[in-house]
Protein chains: 2
Amino acid sequence: MTTTYPVTPRTRVRRHSERGSYDRELVHSILDGGMIAHVGVGTDRGPRVIPMMYARDGDTLYLHGAPANQVLNRAASGVDVCVEVTLLDGLVLARSAFNHSMNYRSVVVYGQATPVTDDTEKLRALDVLVRRITPDRADIVRAPNAAELAGTRLLALPLSEVSAKVRSGPPKDDPADMDWPVWTGVIPLIVVQGEPQPAE
Amino acid sequence: MTTTYPVTPRTRVRRHSERGSYDRELVHSILDGGMIAHVGVGTDRGPRVIPMMYARDGDTLYLHGAPANQVLNRAASGVDVCVEVTLLDGLVLARSAFNHSMNYRSVVVYGQATPVTDDTEKLRALDVLVRRITPDRADIVRAPNAAELAGTRLLALPLSEVSAKVRSGPPKDDPADMDWPVWTGVIPLIVVQGEPQPAE
């Protein structure tokens, strides 16, 4: 298995190309660090972008929704889709308004998705998805029954045309601003779990 | 000013319509709570979705990027765009794998964006944007100069065709599962600021 994804006209990072990467391990780590994918399709009424739960298994990205989900159905029809996942890592505070920025890690995937019809593959993908939400419980919750499997739509999108983009590190101030008297640096942003709220 | 946005064929929430809302205050609060907008446009090579910084001012959403940003340029050409912002609020742990979910608040905006060419409007939008990153510092950092203003692209997208979708509260377990012996409830997810990392 190669360690990088091929660069294509759609995935070549143009703006701040130094932030671009096609490294498979990096792409996987970003996808595995996110919880929500932003899924775009074209429609007769223009583009639509909606948030979806997803799971990665090897070089396949599974998009998850209800059978009546319009964007999933549109994506299942074989049209091009674009899926984006972004992790926000920090606020970058510079001396000038212009040089303010954010640290982030993002992935963009292009391709065509196909419905998962095989129940074994579906169960495996759902298992990955539940483990993302609750790693310790996937083996002890009630497993999907036949009706639930039929009532879950999963699309498989191959990770083949994909790129990552990452900004990290301190602000980049202009040399002329170095004496401007404000604090500069990065405020990390971290997602933490709050106090569990038990159901009644 | 009306308190709700009109429902259009594009914004009518179909799946889980009870989660849908067109309430202006709710829409604004979600947009003001997020940092990254997921901006979708159609292109000759299919849909593209990329993350962007944004700011809301009244009923205008400003999308921010470099003049060379391809998606911004595409959006500036007058095509339909779709902008989505999602806040992830919690992991919803149910008794069955199927009923696992996430609590979230999302907004989807449809429309056409126009480039902001007026420097006064640009400065005001940039001020809102910088205050989102660093509320206390917008008045003390160096303000944008003419070259920086020219080097910043802002698009204005009117908030007119927009909807929100919100899931909150505990898992919804099947009555038949109520004796299944696992913890159920919600794990809140909260974004916190880490220890500031001063630049050298």
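Structure: see above.
Throughout this description, residue numbers start from 1 for each chain and increase along the sequence as written. Whichever chain is written first is A, and whichever ligand is written first is 1; the rest continue in order. Two thresholds apply to this predicted model, a pLDDT of at least 70 for residue-level local features and 80 or more for giving and counting side-chain atom pairs, whereas whole-chain, interface and lining totals are computed over all residues.

### A look at the relation of the copies chain B and chain A
Each copy of the chain is related to the other by a rotation around an axis and a translation along that axis. This is how it is decided: Least squares is the method for superposing the copies, and the C-alpha atoms it fits come from residues with pLDDT of at least 70 in both. Any pair of residues counts as being in contact when their C-beta atoms, constructed from backbone geometry, are within 7 Å of one another.
Mapping chain B onto chain A is achieved by rotating through 180 degrees and translating by 0.0 Å along the same axis, at an RMSD of 0.0 Å. Within this description, the copies of the chain are treated as partners about a two-fold rotation axis. Among all C-alpha atoms of chain B, that of B:Val191 lies closest to the rotation axis, at 2.2 Å. Of all interface residues in chain B, 100% are interface residues in chain A too; the two copies therefore contact each other through one and the same surface.

### Structural notes on the interface of chain B and chain A
Put simply, the rule reads: What counts as a helix is a DSSP run of H or I of at least four residues, what counts as a strand is a run of E of at least two, and both are numbered from the N terminus. All residues other than Ala, Val, Leu, Ile, Met, Phe, Trp, Tyr, Cys, Pro, Asp, Glu, Lys and Arg, Gly among them, are scored as polar; the first ten of these are nonpolar and the last four charged. Strands are labelled as partners when DSSP assigns at least two bridges between them.
With 72 residues of chain B at the contact, the number on the chain A side is 72 residues. Put simply, the parts of the chain that give the side of chain B that touches chain A at least two residues each are strand 2 (36–43), strand 3 (46–57), strand 5 (80–93), strand 6 (101–112), helix 3 (119–133), strand 10 (185–193) and strand 11 (197–198) of chain B. Taken together, the residues of the side of chain B that touches chain A break down into 43 nonpolar, 16 polar and 13 charged. Alignment of strand 10 (residues 185–193) of chain A against strand 11 of chain B, held across 2 bridges, turns out to be antiparallel. When the sheet's bridge partners are listed, A:Gly185 is paired in strand 11 of chain B with B:Pro198.

### Quick look at the nonpolar core
To keep it simple, the criterion reads: By our criterion, buried Ala, Val, Leu, Ile, Met, Phe, Trp, Tyr and Cys residues that link up through C-beta atoms within 7 Å make up a nonpolar core. Whether a residue is buried, exposed or partly exposed is read from the other C-beta atoms within 10 Å of its own C-beta, which are placed from the backbone; 20 or more gives buried, 12 or fewer gives exposed, and intermediate counts give partly exposed.
Judged by nonpolar contacts, the single largest core of 102 residues is most densely connected at A:Leu63 and B:Leu63. Residue contacts for A:Leu63: discarding those within four places in its chain leaves A:Ala37, A:Val39, A:Met52, A:Tyr54, A:Leu72, A:Ala75, A:Ala113, A:Leu154, A:Leu155 and A:Leu157.

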